[in-house]
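# Chain and residue survey
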Amino acid sequence: MLRAGMHVLVVNAGSSTLKFQLIATDPDAMERDADRRLVSGSIERIGGHALVTLRRPGRPRLLREMPLRDHRAAIEQVLRFIVSDESGVDEVRALGDVHAVGHRVVHGGQRFRQSVRIDTEVIHAIEDQVELAPLHNPANLKGIRAITDLLGPGVPQVAVFDTAFHATMPETSFLYAIPYSYYRRYGLRRYGFHGTSHRYVAFRYRKLRGVPREAVTIVTLHLGNGCSACAIKGGDSFDTSMGFTPLEGLMMGTRSGDVDPSLVAWLAEKEGTSAADVERMLNNQSGLLGVSGLTSDMRELLAEEREHQDRRVTLAIDMFCARVRRYVGAFLAELGGAEAIVFTGGIGENSPAIRARICAGLGWLGLELDPARNDACTDGATGTIHVPGGRLAAWVIPTDEELLIARDTVRVITTGDPRTP
Ligand code: ADP
């Protein structure tokens with residue numbers, strides 16, 4: 001089947017949230033970078049009094065509150081909106097105009113090395129990974145089941161995994177130095193996440209530079225609420241900072257990133273609580289929030305620092321930048337050098353100040369930022385931000401995971417192969 005102008009619904013179902021985008025694309029549009037984003041939105045607080053936000057290009061966004069008891073009710077609402085006059089999408093008037101659905105699935109385990117068309121066997125295999133991602137995969141499965149119910153089994157669905165891009169990591173990167181038998185028995189290893197984002201940014205980089213995939217050796221830095229770095233060698237993920245779960249690696253909005261694992265049992269005993277409680281603290285109350293004692297939001301921290309020179313706020317920001325620098329150094333050493341570092345994610349794309357603080361003192365590596373170029377790259381701008389002539393380049397490339405999910409969906413359906421040509 002090779003269909004022109006497919007309407008692909010991209011679904012990202014979280015435990016009580018749902019994000020969606022409707023994207024019109026086909027192989028020809030991809031080639032010309034002429035994919036069209038028709039409408040998008042998000043739903044929060046599914047299971048209670050939900051907040052629905054709907055975005056239409058060139059028109060004011062719509063905000064609604066309504067009780068939505070589960071993911072099926074949420075997706076029903078999304079579909080109803082898409083085909084309504086309100087959405088302003090004239091080319092989608094009935095459910096039959098939604099041609100395919102692409103789902104973000106968090107954990108593909110060792111089974112899924114690339115995006116796949118969803119069938120009963122794939123659903124069972126995603127269920128098998130629930131043990132590895134108990135918070136995320138069940139929500140993703142709810143999204144898949146709700147779509148099957150509402151659109152019927154005839155509408156093709158594709159799963160795009162957050163872990164898949166990192167499937168190329170060598171054992172030296174993905175194993176923990178613990179008894180090998182745990183890896184054998186349970187698949188206890190580093191998987192990495194944010195794979196769709198790192199892959200998209202690496203793809204954009206090679207298109208912008210006009211080089212083949214094999215020539216791409218870079219370090220990508222996804223800095224958003226969640227943060228991860230990826231060492232990309234010959235176009236493939238060679239190492240990444242997140243591990244068995246997204247807790248490992250960089251300091252994030254509310255996650256600690258790397259800590260000495262001994263502190264878990266120690267603190268559990270001190271506080272008379274459980275290891276699971278300490279882990280929750282490391283995920284939800286740490287990072288920028290934990291150190292600043294104020295907020296997990298980098299923009300708010302930068303504003304606070306400007307206005308009040310709060311010591312803990314500056315400390316949180318400095319620790320964040322120092323940790324990124326540590327990983328840049330480590331990954332450049334692992335790669336034996338790279339041609340560029342690439343910033344993406346809400347912080348990476350929008351904050352010249354943080355980029356400058358991260359790159360401060362990297363002159364010895366051959367990287368110096370150009371302040372004017374750095375300041376100019378915000379709000380979705382793409383470009384280089386370094387002084388030309390150095391050994392190492394720095395780029396800002398906005399990520400677009402939804403677009404890559406839509407494109408993978410079309411490629412899997414039309415050719416069976418999700419890889420970007
Ligand atoms: P997520 O990881 O949830 O997708 P984002 O990629 O949107 O999140 O990143 C959110 C982070 O980006 C927040 O910490 C936010 O403060 C930060 N951010 C967004 N815009 C700016 C800005 N102009 N300056 C500094 N930080 C920003």
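Above this note sits the structure.
Residues numbered from 1 in each chain as written. Predicted model: local features only at pLDDT ≥ 70, side-chain atom pairs only at ≥ 80, totals over all residues. Heavy atoms only, no water.

## Concerning the pattern of salt bridges
We count it as follows: Salt bridges are defined as contacts in which a side-chain nitrogen from Lys or Arg sits within 4 Å of a carboxyl oxygen from Asp or Glu. The secondary structure listing takes helices from DSSP runs of H or I that are at least 4 residues long and strands from runs of E that are at least 2 residues long, numbered from the N terminus. Exposure categories follow from relative accessible area, calculated using a 1.4 Å probe and restricted to protein chains: below 20% of the type maximum is buried, above 50% is exposed, and the middle band is partly exposed.
In the structure shown here, the tally under the stated rule is 26 salt bridges. Between R407 and D35 there is a salt bridge whose closest N-O contact spans 2.7 Å. Residue R407 is located in helix α16 (residues 401–415), and its partner D35 is located in the loop between α1 (27–32) and β3 (36–44); the two are separated by 372 residues in the primary sequence. The buried category is assigned to D35, whose relative accessible area is 17%. Between D90 and R93 there is a salt bridge, with its nearest N and O atoms 3.3 Å apart. Since its relative accessible area comes to 61%, D90 is described here as exposed. Salt bridges sharing partners connect three or more residues here, namely D33, D35, R204 and R407.

## As for unusual backbone geometry
A positive phi angle, near 60°, is found at D33, a position not held by glycine. Positionally, D33 belongs in the loop between α1 and β3. The class for D33 is partly exposed, based on a relative accessible area of 45%. Positive phi outside glycine occurs at R45, with the angle close to 60°. By secondary structure assignment, the location of R45 is in the loop between β3 and β4 (49–56). Overall, R45 belongs to the partly exposed group, its relative accessible area being 43%.

## Remarks on the site of the ligand
For the record, the criterion: Summary of the distance rule: residues count as near a molecule or strand when at least one heavy atom falls within 4 Å of that molecule or strand. Here a polar contact means two N or O atoms within 3.5 Å. Within protein one must be a hydrogen donor candidate and the other an acceptor candidate, and residues neighboring in sequence count only if both atoms are side-chain atoms. Where accessible areas are quoted, they stem from the Shrake-Rupley method and a 1.4 Å probe; at the residue level, only the protein chains shown are allowed to cover. The nonpolar class holds Ala, Val, Leu, Ile, Met, Phe, Trp, Tyr, Cys and Pro. Asp, Glu, Lys and Arg form the charged class, and all remaining residues, Gly among them, are polar.
In the vicinity of the ligand, 13 residues are found, and the nearest of them are N225, D297, M298, R299 and G346. R299 has a polar backbone atom sitting 2.9 Å from an oxygen atom of the ligand. The contact in question runs from an oxygen atom of the ligand to an N or O atom on the backbone of G346, over 2.8 Å. Here the ligand, which alone exposes 580 Å², has 71% of that area covered by the protein. Taken together, the elements giving at least two residues each to the shell around the ligand come down to α11 (298–308) and α13 (345–350). For the shell around the ligand, the element with the most residues is α13, which contributes 4 residues. A breakdown of the residues in the shell around the ligand according to their chemical character gives 3 nonpolar, 8 polar and 2 charged.

## Topic: the nonpolar core
Rule in force here: What is meant by a nonpolar core is a set of buried Ala, Val, Leu, Ile, Met, Phe, Trp, Tyr and Cys residues, joined one to another through side-chain atoms within 4.5 Å. The contact criterion used is simple: two residues touch if any of their non-hydrogen atoms lie within 4.5 Å.
Counting residues in each nonpolar core, the largest one holds 45 residues, and the members touching the most others are L221, L223, F320, I341, F343 and I354. Contributions of two or more residues to this core are made by β9 (218–223), β10 (227–233), α10 (287–292), α11, α12 (311–335), β12 (340–344), α14 (352–359) and β14 (393–396). With sequence-adjacent residues up to four places away left out, I354 is seen in contact with M298, L302, I317, F320, C321 and I347. Listed in part, the 33 residues of the second largest apolar core include A50, V89, V98 and L150.

## Points about the packing of α11 against α12
How we decide: Axis lines are fitted through C-alpha atoms, for helices just across the contact stretch, and the angle between N-to-C directions can take any value from 0 to 180 degrees. Between 65 and 115 degrees an angle is taken as roughly perpendicular, under 35 as roughly parallel, over 145 as roughly antiparallel, and anywhere else as oblique. Each crossing is labelled by how the near helix is turned from the far one, with a counterclockwise turn of less than a right angle marking it left-handed and a clockwise turn marking it right-handed.
Close contact between α11 and α12 brings their axes to 9 Å; oriented N to C, the two are set at 130°. By the criterion of interaxial angle, the relationship of α11 to α12 is oblique. In the crossing of α11 with α12, the sense of the turn from one axis to the other is left-handed. From α11, M298, L301, L302, E304 and E305 reach across to α12, where they touch V313, T314, I317 and F320.

The analysis is restricted to geometry; functional conclusions fall outside its scope.
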